[in-house]
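# Coordinates in review
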Amino acid sequence: MYSADLEFINGPLNMKTSSSSSLWRLLSLCYYAEVRLEVLKLTKHMEDGTIRPRTTLTSVVFCRTSDAFSTFYLGEDGLIHCHRVEKVSCPPSLSRVTSLLAKTLVALGLQEQRPALNPACPSC
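Residues numbered from 1 in each chain as written. Predicted model: local features only at pLDDT ≥ 70, side-chain atom pairs only at ≥ 80, totals over all residues. Heavy atoms only, no water.

Here we take up the side chain of Ser-66. Here Ser-66 is to be found in strand β5 (residues 64-74). If near-sequence neighbours (up to four positions away) are discounted, Ser-66 is found in contact with Thr-55, Thr-56, Leu-57, Val-88, Ser-89 and Cys-90. (Helix = DSSP H or I, 4+ residues; strand = E, 2+ residues; numbered from the N terminus. Contact = heavy atoms within 4.5 Å.)

Moving on, we get to the environment of Ile-80. Inspection of the secondary structure assignment puts Ile-80 in strand β6 (residues 80-89). We classify Ile-80 as buried; its relative accessible area is 6%. Residues Ile-80 and Asp-5 lie 75 residues apart in sequence; the distance between their C-alpha atoms is 9.4 Å. Here Ile-80 is in contact with Met-1, Tyr-2, Ser-3, Leu-6, Phe-72, Tyr-73 and Leu-74, once residues within four sequence places are set aside. (Buried < 20%, exposed > 50% of the residue type's maximum accessible area, 1.4 Å probe, protein only.)

Bridging between strand β1 (residues 2-10) and β6 involves five bridges; their strand directions are parallel. Across the sheet, residue Asn-10 finds its bridge partner in β6, namely Val-85. Bridge count between β1 and strand β2 (residues 15-18): four bridges; the pairing is antiparallel. Counterpart to Asn-10 in the pairing with β2 is Met-15. (Pairing = 2+ DSSP bridges.)

Moving on, we get to the pattern of salt bridges. Here the structure, examined in full by the defined rule, presents four salt bridges. Glu-7 is the partner of Lys-16 in a salt bridge, and the nearest nitrogen-oxygen pair spans 2.9 Å. Given the relative accessible area of 22%, Glu-7 is considered partly exposed. Between Arg-52 and Asp-48 there is a salt bridge, and its shortest N-O distance comes to 3.1 Å. Looking at Arg-52, the relative accessible area reads 31%, which means it is partly exposed. Classification of Asp-48 by relative accessible area gives partly exposed; the value is 40%. (Salt bridge = Lys/Arg side-chain N within 4 Å of Asp/Glu carboxyl O.)

Spelled out as structure tokens, the structure:
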């Protein structure tokens with residue numbers, strides 16, 4: 001699947017590495033961090049010889065999920081010669097969703113408003 005002279009370009013971190021050893025380091029890091037990879041969409045572009053996957057990476061150890069957009073550049077032999085990570089985005093955190101839910105409940109009058117620092121305050 002990958003050629004021996006693979007070039008890996010991480011756009012968000014502005015890093016560029018060559019050789020398949022960098023790929024093995026990345027794969028071993030993903031193995032020990034218990035990363036699950038799910039391909040959401042895969043498009044093939046024959047006009048420029050690329051394959052563009054959209055993936056979701058979920059780390060069980062770090063409890064984090066990220067969406068990633070990549071581009072695989074194919075060589076004449078059909079192998080991937082360059083893997084470029086274009087964009088990595090993280091969904092909103094649970095605390096933002098929880099605070100939005102709490103604000104909505106207060107606005108609807110379904111929950112009473114209390115100060116965050118001392119919820120058991122008798123004067124509230």
